[in-house]
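Structural overview
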Amino acid sequence: MTSEVHRPPLPETFEATLVGTRPVTPRVKELVFERADGQPFTFRSGQWVSLVLPILDEKDRPLRRAYSVASVPSGSPRFELVVTRVDGGRGSTWLTDAPVGTRLEVKGPQGMFHRLAEAGPSLFVATGTGVAPFRGMIHDALAAGGDTPLWVLFGVRSPADALYREEFEALEKAHPRLRFMLSMSRPPPEWTGLRGYVQTHALGLWKELAKQGRPHAYICGVKKMLLEVREVLKKEGGAERQQLHLESYD
Ligand SMILES: Cc1cc2nc3c(=O)[nH]c(=O)nc-3n(C[C@H](O)[C@H](O)[C@H](O)COP(=O)(O)OP(=O)(O)OC[C@H]3O[C@@H](n4cnc5c(N)ncnc54)[C@H](O)[C@@H]3O)c2cc1C
């Protein structure tokens, strides 16, 4: 008897050119890439790409770094990434200094971090550039219609760090099912919204959402935050493994 092992197909490798850059916060740059072969860049919201950089890692191989696709699937050869410039980080420093016209090898799209289309109320929890995969997921969910709640809890230090804030707030105005909540760890005195880390607020929102159906939480960012949110939702919110979807950046 033979047994079959199912593995996801290998990601495609292609060349892409950096066609635009824009600072979106003091520490985050948006990078727009375009496939060099002009083919559409086809991906599912939530997926990421691996960039092969022309600098060497500690084993003398080209340094590779993963970035969530921040754009909305459109069938265009272009796609957007948002990169936090990490102090002392070789990959992110190189990338955020790269000039327009830079050409890189890209492997992707990759990953299984998707919003389940048939799922009930959704809680999206992100810090910093962890919000990137949620942009496409939210646009897709709104375009698909329906009325299941989509709640975004986005943790940043201060107003200047809240990338995509205007876009999410405009969507929130147009779609009552979308709720966009910023939580600031270093807010200005006049800030009347949520304060502190997302870990503090996730449980209350989860319990509120659970009154409207069986919720799913999508959590993206650095591991410390991910694990703390997961823990509180499991232990105090009764969340089961299948309801929690995590994407770790480190
Ligand atoms: C699936 C996946 C998707 C990712 N998507 C993104 C993305 O969309 N945008 C993005 O900026 N990064 C993203 N990352 C992180 C990215 O791959 C790199 O780890 C990051 O750019 C740091 O690389 P570096 O070489 O500059 O620093 P390194 O020397 O490799 O790492 C230095 C430190 O940076 C921390 N770090 C990693 N990512 C971040 C971050 N975003 N904010 C603050 N600190 C961080 C790590 O904890 C690590 O200790 C993603 C990682 C994964 C695995």
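Coordinates for the structure precede this section.
Residues numbered from 1 in each chain as written. Predicted model: local features only at pLDDT ≥ 70, side-chain atom pairs only at ≥ 80, totals over all residues. Heavy atoms only, no water.

Turning to the side chain of K107, a few remarks are in order. The topology assignment puts K107 in strand 6 (residues 103-110). Judged by its relative accessible area of 15%, K107 is buried. One polar contact links K107 to E105, side chain to side chain, over a distance of 3.4 Å. Beyond its immediate sequence surroundings of up to four residues, K107 is in contact with P11, E12, T13, V49, S50, V52 and R64. (Helix = DSSP H or I, 4+ residues; strand = E, 2+ residues; numbered from the N terminus. Buried < 20%, exposed > 50% of the residue type's maximum accessible area, 1.4 Å probe, protein only. Polar contact = N/O pair within 3.5 Å; in protein donor to acceptor, adjacent residues only side chain to side chain. Contact = heavy atoms within 4.5 Å.)

Another aspect to go through is the pairing of strand 4 (residues 62-68). As judged from the 6 bridges shared by strand 3 (residues 48-56) and strand 4, these two strands associate in the antiparallel manner. Within the sheet, the bridge partner assigned to W48 lies in strand 4 and is S68. In this structure, the hairpin formed by strand 3 and strand 4 is closed by a connection of 5 residues, where D60 is found at a positive phi of approximately 65 degrees. (Pairing = 2+ DSSP bridges.)

Attention now goes to the site of the ligand. In the vicinity of the ligand, 18 residues are found, and the nearest of them are R65, A66, Y67, G91 and S92. The contact in question runs from a nitrogen atom of the ligand to an N or O atom on the backbone of V82, over 2.8 Å. Contact distances for the ligand include 2.9 Å between an oxygen atom and a side-chain N or O atom of D250. Bound to the protein, the ligand loses 73% of the 870 Å² it would expose on its own. The pocket occupied by the ligand, as judged from atoms lying within 2 Å of grid points, is the largest pocket. Sorting the residues of the shell around the ligand by element identifies strand 4, strand 5 (78-84), helix 1 (90-97) and strand 12 (244-248) as the ones contributing at least two each. A per-element tally of the shell around the ligand places strand 4 first, with 4 residues. (Near = heavy atom within 4 Å. Areas by Shrake-Rupley, 256 points an atom, 1.4 Å probe, with all protein chains shown as cover. 1 Å grid on protein atoms, 1.4 Å probe; cavity = no way out; pocket = protein on both sides within 12 Å on 5 of 7 lines; lining within 4 Å. Sits in = over half its atoms within 2 Å of the grid points.)

What follows concerns the layout of surface pockets. Within this model, the largest pocket holds a volume of roughly 1,200 Å³. Elements supplying a minimum of two residues to the lining of the largest pocket: strand 4, strand 5, helix 1, strand 8 (150-156), strand 9 (178-184), helix 4 (198-210), helix 5 (223-235) and strand 12. It is strand 4 that provides the largest number of residues to the lining of the largest pocket, a total of 4 residues. Residue composition of the lining of the largest pocket, by class: 15 nonpolar, 17 polar and 10 charged. Looking at which domains feed residues into the lining of the largest pocket, each of domain 1 (13-110) and domain 2 (122-248) supplies at least three. (Points joined across faces, edges and corners; volume = space filled by probe spheres on them. Nonpolar A, V, L, I, M, F, W, Y, C, P; charged D, E, K, R; others polar. Domains from an automatic or database assignment.)

The step from G108 to P109 runs through a cis peptide bond, and the omega angle for that step is 5 degrees. By secondary structure assignment, the location of P109 is in strand 6. The phi angle at D60 is positive, at roughly 65 degrees, despite the residue not being glycine. Using a relative accessible area of 58% as the deciding quantity, one classes D60 as exposed. Although it is not a glycine, Y164 sits at a positive phi angle of roughly 65 degrees.

Read these as spatial facts, not as claims about activity.
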